[in-house]
Amino acid sequence: MNKQKLKKFFDNKEEFAPNERLWLFCMLMLIAGFWGGFTYSLRGRVFVNAQTGNLVFLSLGIASWDTALIKNALATFLAYFCGIITAELISKEINKISFLIWERILLSFSLIVTIFLGFIPETAPYELTNFSIAFTAAMQFNTFEKAHGMGMATPFCTNHVKQASANFVRFLKTRDNNKLRISLSHLSMILSFITGATLSIFLGRFFLGKAIWLSSFFILVTLYFFSKSLKSYKVKKVK
């Protein structure tokens, strides 16, 4: 694949709606990685994004009767559960009011949540932070589901690993450039997640809970460019 074709795929501004742009999912994965690293390193070692891991921790807590671990893992799991339900119940109804308004509301809500969490003292119960982040991450997972025609997950990497590796093998077998594009797209999700997690763990050593504010900055940037791309998309649709 030549550079021109690759650039067209990663920066297509005509074929895809703003909520299907690949850059948006890279930013959401960056934020999700940041949250995951933050909660695991600073808020009780739970996986706020990956609920399979939390169920293992919950089982471990029950087996060893570690009440702190039980409460933390259970709060995170229930928050995720409630976040999915909330997004499913209200997202489509809200978007009937205006095009992609739910996505903008959700990003604004995420911004408010992370700003608020930065003011919480280190002595506060971990469940408060983990519940808030898991609830928000779940709504994002249920809301942003497709980029460039491909199914995407924003809070975790398991499917991205599968798709990146499987489609790379398919490219080697068939020399189909579309398979390579899919593989590279999912690989970009993984790298974004790793970058966010690394940043949160590193900065958490120095700033503790206030490190969450960097994710607030990422969300603000995402919201700005998402809103900007939405306006551009509407103009092109009108034309």
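The shown structure was predicted, so the numbers you read here are calculated from the model rather than taken from an experiment. (Residues numbered from 1 in each chain as written. Predicted model: local features only at pLDDT ≥ 70, side-chain atom pairs only at ≥ 80, totals over all residues. Heavy atoms only, no water.)

A. Focus on the overall build of the protein chain. From N to C terminus, the protein chain includes nine helices and two strands. The burial tally for the protein chain puts 48% of its 239 residues in the buried class. (Helix = DSSP H or I, 4+ residues; strand = E, 2+ residues; numbered from the N terminus. Buried < 20%, exposed > 50% of the residue type's maximum accessible area, 1.4 Å probe, protein only.)

B. Structural context of the UniProt feature "transmembrane region" (unreviewed entry) in the protein chain. UniProt records the feature "transmembrane region" (unreviewed entry) at residues 21–42, 62–87, 99–120, 180–201 and 207–227, using the numbering of this structure. When the span residues 21–42 is considered, its composition is 95% helix and 0% strand, and the gap between its end C-alpha atoms is 32 Å. Secondary structure within residues 207–227 divides into 81% helix and 0% strand; the distance between the first and last C-alpha atoms comes to 30 Å. (UniProt positions renumbered as here; feature names shortened; annotations may be inferred.)

C. Main features of helix H2 (residues 22–42). Given a rise of 1.5 Å per residue, 21 residues ought to cover 30 Å, and the 30 Å separating the end C-alpha atoms of H2 matches this to within 8%. In terms of burial, H2 is a largely internal element, 18 of the 21 residues being buried. (Expected span 1.5 Å × (residues − 1).)

D. Spatial organisation of the nonpolar core. Ranked by internal contacts, the top residues of the largest apolar core, which has 45 residues, are Trp35, Ile133, Met189 and Ile212. Sorting elements by how many residues they give to this core places H2 first, with 14 residues. In contact with Ile212, not counting residues within four places along its chain, are Phe34, Trp35, Phe38, Thr114, Leu117, Gly118 and Ile133. (Core = buried A, V, L, I, M, F, W, Y, C linked by side-chain atoms within 4.5 Å. Contact = heavy atoms within 4.5 Å.)

E. Spatial organisation of the side chain of Ser229. Summarising the element assignment, Ser229 is placed in helix H9 (residues 212–238). Polar side-chain contacts of Ser229 include one of 2.8 Å to the backbone oxygen of Phe226. Contacts of Ser229, omitting those with residues within four sequence positions, involve Pro18, Arg21 and Trp23. (Polar contact = N/O pair within 3.5 Å; in protein donor to acceptor, adjacent residues only side chain to side chain.)

F. The arrangement of the packing of H2 against helix H8 (residues 177–207) in detail. Orientation of H2 relative to H8, taken along the N-to-C sense of each, is 35°, at an axis distance of 6 Å. Along this stretch, H2 crosses H8, giving a crossing that reads as right-handed. The residues of H8 that touch H2, namely those facing Leu22, Phe25, Cys26, Met29, Leu30, Ala32, Gly33, Phe34, Gly37, Phe38, Ser41 and Leu42, are Ser185, Ser188, Met189, Ser192, Phe193, Thr195, Gly196, Ala197, Leu199, Ser200, Ile201 and Gly204. Along the lines of polarity and charge, the residues of the contact of H2 with H8 split into 14 nonpolar, ten polar and no charged. (Axes fitted to C-alpha atoms, helices over the stretch in contact; angles between N-to-C directions. Left-handed = near helix turned anticlockwise from the far one by under 90°. Nonpolar A, V, L, I, M, F, W, Y, C, P; charged D, E, K, R; others polar.)

G. Broad picture of unusual backbone geometry. Look at Arg45: it is not a glycine, yet its phi comes out positive at around 55°. Among the structural elements, Arg45 can be located in the loop between H2 and helix H3 (51–64). The backbone of Arg175 sits at a positive phi, close to 60°, despite the residue not being glycine. Locating Arg175 in the fold gives a position in the loop between helix H7 (158–174) and H8.

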